[in-house]
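Commentary on secondary and tertiary structure
So the chains spell out like this:
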Amino acid sequence: MKRIELNAYGIPEDVAACVEVADVGAPDAGEVVFDVIAFPINPADISFCRGGYRIKPPFPATPGAECVGRVSAVGTGVAHVKPGDLVINLQRENWAQKRRVRGDDVIRLPSDVELRQAAMLRINPPTALLLLSDIVDVPKGGWVIQNVANSAVGRLVISIAKGRGLRTVNVMRRADVFDELKALGADVCLLDGPDLAERVKAATGGAAIPLGLDAVSGAATARIAACIADGGTVCTYGAMSGENPQAMSVADLIYRGVTQTGFMLGRFLARRSAAEIEAIYAELCARIMDGTISAPVDHVYEIDDIRAALIRAQEGGRAGKILVAPNGLI
Ligand SMILES: NC(=O)c1ccc[n+]([C@@H]2O[C@H](COP(=O)([O-])OP(=O)(O)OC[C@H]3O[C@@H](n4cnc5c(N)ncnc54)[C@H](OP(=O)(O)O)[C@@H]3O)[C@@H](O)[C@H]2O)c1
């Protein structure tokens, strides 16, 4: 079977190789074996390859925080999934043709869920959901501002916010996607820039915005902070600029009492029981199936084409996510 392995951390397309490895074997008691149908290349996977992610396993290291797969065998004592079932895996190392994992780590999906969306279910949809649930209780009709609004997470935030009756100011670095985001329910779309707070004020009629979501970091964090109402919160959950958040102004921090905080999905899911986590994924899967939430896909690659896939995943201006389908294109 094929698997992506790193033997050094560095430029992703140079350090990631598709190699032939021994089969995963039959499942032991309590284990599940599944064929990986597809996995996305997320920004965190790129950081992992570069050695900049919070976990840095010894070599050979296999990336891959999420995937969708089809169960091929289950060990004794596994009752919640059976061969043929679609599953997502809550553990890592998914850039491979096959996985053998603890049964407790897989969640069964309905058989008719769209496979490309299912491959991207594990991380970005709950991130968008919890960013809107766990940081600030924004009342119905209230506003949220976010940057990287055209990212997968950004689009999910727009759709979930819309469903809750919240309004969104969406900030990004290109204008060609404004119409797409407005079709999803975005109320205001703006280009990021130094006079952002003034433009937000004009576009929202001076609305008080209690929550700002930031995944650019660097100077962009302070720009979002300047748009937040007195006593509001800026939550940084990503760093697409590759920089640490720049300190917000004294006025925003001290005079206006804006709070700066951070979000990591694993940390926020860990506050919940296994049953609650399963319920979150069931709800998000239902939203995928009724078409309420989705993330666009730019291109699907074969596992042998991991180099091209990684190069494309790092290019700006993509039309959506990059997926890899290790057992045949979907
Ligand atoms: N903390 C968590 O638990 C968690 C969970 C999930 C995701 N995230 C973070 O959420 C962010 C979005 O992830 P995703 O999977 O939704 O991304 P994605 O769909 O791959 O999209 C990447 C986005 O980043 C923008 N971008 C790239 N480089 C940029 C730069 N230097 N400055 C400003 N914008 C830039 C792109 O803009 P263009 O379209 O203009 O190229 C695009 O909108 C990432 O930072 C990711 O790490 C965090």
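Summarised in this report is the structure supplied together with it. (Residues numbered from 1 in each chain as written. Predicted model: local features only at pLDDT ≥ 70, side-chain atom pairs only at ≥ 80, totals over all residues. Heavy atoms only, no water.)

Tallying secondary structure elements over the chain gives 12 helices and 15 strands in all. What you see for the chain is a C-alpha radius of gyration of 20 Å, in line with the 20 Å of a compact globule of 330 residues. Residues classed as buried in the chain amount to 51% of the 330 residues present. In the chain, the proportion of contacts linking residues at least 24 apart, taken out of those at least 6 apart, comes to 68%. Roughly 14,100 Å² of accessible area belongs to the chain as shown, and the carbon and sulfur atoms make up 51% of that amount. Taking the average place of the 35 positive charges on the side chains of the chain and the average place of its 38 negative ones, the gap between the two points comes to 3 Å. (Helix = DSSP H or I, 4+ residues; strand = E, 2+ residues; numbered from the N terminus. Rg over C-alpha atoms; globule rule 2.2 N^0.38 Å. Buried < 20%, exposed > 50% of the residue type's maximum accessible area, 1.4 Å probe, protein only. Contact = heavy atoms within 4.5 Å. Areas by Shrake-Rupley, 256 points an atom, 1.4 Å probe, with all protein chains shown as cover. Lys, Arg positive; Asp, Glu negative; His and termini not counted. Charge placed at Lys NZ, Arg CZ, Asp CG, Glu CD.)

Glancing now at the pattern of salt bridges. Enumeration according to the criterion identifies 19 salt bridges in this entry. With a shortest N-O distance of 2.9 Å, Asp230 and Arg256 are connected by a salt bridge. With a gap of 26 residues between them, Asp230 in the loop between helix 8 (219–225) and strand 12 (233–236) and Arg256 in the loop between helix 9 (250–255) and strand 13 (259–262) connect regions that are remote in the sequence. By relative accessible area, Asp230 is classed as exposed at 58%. Judged by its relative accessible area of 19%, Arg256 falls in the buried class. Salt bridges sharing partners connect three or more residues here, namely Asp28, Glu31 and Arg100. (Salt bridge = Lys/Arg side-chain N within 4 Å of Asp/Glu carboxyl O.)

This next bit is on the site of the ligand. Close contacts around the ligand come from 26 residues, with Val153, Arg173, Leu265, Gly317 and Lys321 the closest. Between the ligand and the protein, one listed contact pairs an oxygen atom with a side-chain N or O atom of Ser151 at 3.5 Å. The backbone of Tyr237 places a nitrogen or oxygen atom 2.9 Å from a nitrogen atom of the ligand. Contact with the protein chains hides 84% of the accessible area of the ligand, taken as 940 Å² for the molecule alone. The residue inventory of the shell around the ligand, partitioned by class, reads 13 nonpolar, nine polar and four charged. (Near = heavy atom within 4 Å. Polar contact = N/O pair within 3.5 Å; in protein donor to acceptor, adjacent residues only side chain to side chain. Nonpolar A, V, L, I, M, F, W, Y, C, P; charged D, E, K, R; others polar.)

With that settled, consider the side chain of Asn94. In this fold, Asn94 is placed in the loop between strand 5 (86–89) and strand 6 (98–102). Those residues within four positions of Asn94 in sequence are excluded, and the remaining contacts are Phe34, Val36, Phe39, Pro63, Gly64, Ala65, Glu66, Cys67, Asn89 and Arg99.

Attention shifts here to a nonpolar patch on the surface. The grouping of Val250, Leu253, Ile254 and Tyr255 at the surface amounts to a nonpolar patch, some 470 Å² of accessible area in total. By relative accessible area, which is 49% here, Val250 ends up partly exposed. (Patch = residues over 30% accessible without salt bridge, like charges linked within 9 Å, V, L, I, M, F, W, Y side chains within 5 Å.)

Time to look at the sheet that holds strand 8 (residues 143–146). Within a sheet, each strand pairs with its neighbour through backbone hydrogen bonds, oriented either parallel or antiparallel. The sheet built from six strands is open, its strands ordered 10-9-8-11-12-13 with parallel pairing. Each of the sheet's edge strands pairs with one partner strand only, and the pair in question is strand 10 (188–191) and strand 13. Strand-to-strand twist of the sheet, defined as the mean angle between neighbouring strand axes without regard to direction, takes the value 20°. In this sheet, strand 9 (residues 167–172) lies alongside strand 8 in parallel orientation, the contact comprising four bridges. By the bridge assignment for strand 9, Ile145 is matched with Val169. Against the sheet, helix 7 (residues 196–204) touches strand 8, strand 9 and strand 10, its axis set at about 160° to strand 10. (Pairing = 2+ DSSP bridges. Axes fitted to C-alpha atoms, helices over the stretch in contact; angles between N-to-C directions.)

Direction vectors running N to C along helix 4 (residues 124–133) and helix 5 (residues 152–163) enclose 50°, while the axes themselves pass 9 Å from each other. As judged from the angle between their axes, helix 4 and helix 5 are oblique. Helix-helix and strand crossings are classified by hand; for helix 4 and helix 5 the assignment is right-handed. Contacts between helix 4 and helix 5 involve Asn124, Pro125, Thr127, Ala128, Leu129, Leu131 and Leu132 from the former and Ala152, Val153, Leu156, Val157, Ile160 and Ala161 from the latter. (Parallel < 35°, antiparallel > 145°, perpendicular 65-115°, else oblique. Left-handed = near helix turned anticlockwise from the far one by under 90°.)

All we've got here are geometric facts, nothing functional implied.
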